Amino acid sequence: MKKRIIAVIGMAFVAASILRADLQPIGIWNGKVGMSIDAVGSNSSPVGLIQAQIPVGATIKAAYLYSAGTPYPWYSNSPKTLADYNSSGITLAGNAVTFDALVGASAIPNRPDIGNWFTGRADVTSIVTSLAAGGGNFSWEVEEGRLNDRIDGEVLAIVYEHSSLANGSVVLLDGGLNTAGETSTVNFGTPLGDVTDPNFVADMSLGISFSITSSQTSQIDINGLRLSSAAGGIDDGIGSDGGLITAGGIGDTNGNPGSPFSNSSADDELYNLKPFLNQGDTSFSIYSKNPSNDDNIFFMGLHITADISQVNDTPANGVPDTGATLLFVGVAMSGLIGLRRRFVRR
Ligand SMILES: [Ca+2]
Ligand SMILES: [Ca+2]
Ligand SMILES: [Ca+2]
Ligand SMILES: [Ca+2]
């Protein structure tokens, strides 16, 4: 019995250190900023071309490359450590990519057979800064190497700054949203101005893996109103495991799906949030749910010409995320039994 308890505690520590079933900001950039986002996926070698669009003369503030593995244990040879990603042979325009963070998701509580996604994140700021010196439009070859058929694809997210851009904010978030439903709240440091101003921008990009059009999609609500029931698909990939990837960005429109309640609406994961926002707003909520319990929403990018100060994530009742997982470790260690299903978010 004692061994079993120690094993459980050990597993909880592993889960706390690498698994995240939520989206957390990796950065908020305020000022004259914009974002470039694209995705690519296939099982060919090279995988394909990933694009970047950077205004001429802009400064690169940050660039991240995500590599989205298939879930484990659904596929026993899915990448699940940084060493797996770093030994696969993943390259961007011929440059070896070094992954320095695992962002995770759990298809809890309904699909233990699917298990977890271990998405790799690499800080590629220096690679992109040298590739995109001076700005412009770029297409860079991506290789996934040895694990190609167990990696659905890549998302490249770049934040840039240019004096000609409007004042605003870019937020990049990563992790993995709970398939059972989860809410993020975006807070503004200054109440929103005139949202009907044609120059007001409020774009949201989602990056989603292991999804396929119609049968496996997610629902997205903004302030409790349905934005889409068709988030997901293979817009930037192919219809085979190892190529199931989409992200809203280059080549996509921010026109929202015509039928927000249809799971087969045209939806390219780039959304216009303006219709959901009002002058004077100090926050808004983003809710997502994946009814098929097998899609991985691992990335979100927001570009709003407003002052974003903070983004919070609220887990669904009974579904632990980062804070709750850490609390679970504490409870397990103190030997308490009778875990309550509702956890307090720290
Ligand atoms: Ca799926
Ligand atoms: Ca692949
Ligand atoms: Ca796309
Ligand atoms: Ca889509």
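Residues numbered from 1 in each chain as written. Chains lettered and ligands numbered in written order. Predicted model: local features only at pLDDT ≥ 70, side-chain atom pairs only at ≥ 80, totals over all residues. Heavy atoms only, no water.

**Focus: the packing of aromatic side chains**
Note the threshold: Each aromatic pair joins two rings of Phe, Tyr and Trp (for Trp, the six-membered one) with centres within 6.5 Å, and gets the label stacked for planes under 30 degrees apart, edge-to-face for over 60, and tilted for any other angle. Numbering of helices and strands starts at the N terminus; helices are DSSP runs of H or I of at least 4 residues and strands are runs of E of at least 2. Burial classes: relative accessible area under 20% of the type maximum marks a residue as buried, over 50% as exposed, and values in between as partly exposed (1.4 Å probe, protein chains only).
Evaluated as defined, the whole model comprises six aromatic pairs. Aromatic side chains Y66 and F299 sit 5.4 Å apart centroid to centroid with 55° between the ring planes, which places their arrangement in the tilted category. Of this pair, Y66 sits in strand β4 (residues 59–69) while F299 is found in strand β20 (residues 296–304), placing the two residues 233 residues apart along the sequence. F299 matches Y66 in its accessibility class, with the two residues each being buried. Between W117 and F210 the ring centres are 6.1 Å apart and the planes differ by 70°, which places this aromatic pair in the edge-to-face class. Note that W117 is positioned in strand β9 (residues 115–123) and F210 in the loop between β14 (202–209) and β15 (218–222), a separation of 93 residues in sequence. Exposure class is identical for W117 and F210. Each is buried. By the ring-pair criterion, three or more aromatic residues cluster together here, those being Y66, F298 and F299.

**Topic: the pairing of β14**
Formally: At least two DSSP bridges between two strands are needed for those strands to be called paired.
Counting buried positions over the eight residues of β14 gives eight, a clear majority of the element. Judged by which residues are buried, β14 turns out to be covered on both faces: A202, M204, L206 and I208 on one side and D203, S205, G207 and S209 on the other are all buried. With eight bridges connecting them, β14 and β20 associate as antiparallel partners. Note that in β20 the partner of G207 across the bridge is F299. Across three bridges, β14 lies against strand β18 (residues 270–272) in antiparallel orientation. For M204, the partnering residue across the bridge sits in β18 and is Y271.

**Some remarks on the pattern of salt bridges**
Which entries qualify depends on this criterion: Salt bridge, as used here, is a side-chain nitrogen of Lys or Arg placed within 4 Å of a carboxyl oxygen of Asp or Glu.
Within this structure, the stated rule accounts for four salt bridges. Its salt-bridge partner being R111, residue D113 comes within 3.0 Å of it at the nearest N-O pair. Among the residues examined, D113 registers a relative accessible area of 36% and is labelled partly exposed. The salt bridge partner of D174 is R121, with a shortest N-O separation of 2.7 Å. Here the residue D174 occupies a position in strand β12 (residues 168–175), and R121 occupies one in strand β9, the gap between them amounting to 53 residues.

**Points about the layout of surface pockets**
A probe matching the size of a water molecule, rolled over the atoms, marks out where space remains unfilled. We apply this condition: Grid spacing is 1 Å over the protein atoms alone, the probe is 1.4 Å, and a cavity is where that probe fits but cannot get out, while a pocket is an open set with protein on both sides within 12 Å along at least five of seven lines and lining residues have an atom within 4 Å of a point. Grid points are joined across faces, edges and corners, and a volume is the space filled by probe spheres set on the points. Throughout this entry, Asp, Glu, Lys and Arg are counted as charged residues, while Ala, Val, Leu, Ile, Met, Phe, Trp, Tyr, Cys and Pro are counted as nonpolar. The remaining residues, Gly among them, count as polar.
For the second largest pocket, the calculated volume is near 320 Å³. Surrounding the second largest pocket, 21 residues form its lining, G34, M35, Y160, D203 and H303 being those nearest its centre. At the level of secondary structure, the elements contributing two or more residues to the lining of the second largest pocket comprise β2 (33–40) and β3 (48–54). Split into classes, the residues belonging to the lining of the second largest pocket amount to 11 nonpolar, nine polar and one charged.

**Details of the coordination of the calcium ion (ligand 3)**
Stated precisely, the cut-off is as follows: A donor here means an N, O or S atom no more than 2.8 Å from the metal, or no more than 3.2 Å when the metal is Na, K or Ca. Since water is not included, a site may seem to lack partners.
Looking at the metal site, the calcium ion (ligand 3) is ligated by D236 (OD), D236 (OD), A247 (O) and D252 (OD), spaced 2.3 to 2.8 Å from it. Coordination of the calcium ion (ligand 3) draws on donor residues from a single chain, spaced D-x10-A-x4-D in sequence. Of this pair, D236 sits in the loop between β16 (225–231) and β17 (245–247) while D252 sits in the loop between β17 and β18, and the two are 16 residues apart along the sequence. What makes D236 buried here is its relative accessible area of 16%.

**Observations concerning the coordination of the calcium ion (ligand 2)**
Here the calcium ion (ligand 2) is held by the protein donor atoms S42 (O), N43 (OD1), E144 (OE), N148 (O), N148 (OD1), I151 (O) and G242 (O), which lie 2.3 to 2.7 Å from it. As a motif over one chain, the donors of the calcium ion (ligand 2) read S-N-x100-E-x3-N-x2-I-x90-G. You can see N43 sitting in the loop between β2 and β3 and its partner E144 sitting in the loop between β10 (136–143) and β11 (151–161), a full 101 residues away along the chain. N43 sits in the partly exposed class, given a relative accessible area of 33%.

**Some remarks on the nonpolar core**
Spelled out, the test is: The set of buried Ala, Val, Leu, Ile, Met, Phe, Trp, Tyr and Cys residues whose side-chain atoms join them within 4.5 Å is what this entry labels a nonpolar core. Here a residue-residue contact requires only that any non-hydrogen atoms of the pair lie within 4.5 Å.
By size, the foremost hydrophobic cluster in this structure holds 30 residues, and its most contacted members are M204 and L273. Ignoring any residue separated from it by four or fewer positions in sequence, one finds M204 in contact with I220, I222, L227, E269, L270, Y271, L273, I286, M300, G301 and L302.

**Details of the confidence of the model for the protein**
The following threshold applies: For every residue, the predictor assigns a confidence score, pLDDT, that lies between 0 and 100.
Within the protein, residue pLDDT values average 87, and 84% of them lie at 70 or more. The low-confidence segment residues 1–18, where pLDDT is below 50, has 14 contacts with residues more than four positions distant or belonging to other chains. Across residues 322–346, where pLDDT falls below 50, the model places 32 contacts with residues more than four positions away in sequence or in other chains.

**Observations concerning the side chain of D236**
Our working rule: When charges are counted, neither His nor the chain ends are considered; positive counts come from Lys and Arg and negative counts from Asp and Glu.
Here D236 is buried and forms no salt bridge, its nearest opposite-charge partner R150 lying at an N-O distance of 19 Å. D236 has contacts with D38, A39, V40, G41, I245, T246 and A247, leaving out every residue within four places of it along the chain.

**Some remarks on unusual backbone geometry**
At the junction of S45 and P46, the peptide bond is cis and its omega measures out at 0° in the coordinates. As for its position among the elements, P46 is in the loop between β2 and β3. A positive phi is found at N293, a non-glycine position, where the angle reads about 55°. If you trace the backbone, N293 turns up in the loop between β19 (283–289) and β20. Judged by relative accessible area, N293 falls into the buried class, the value being 10%.

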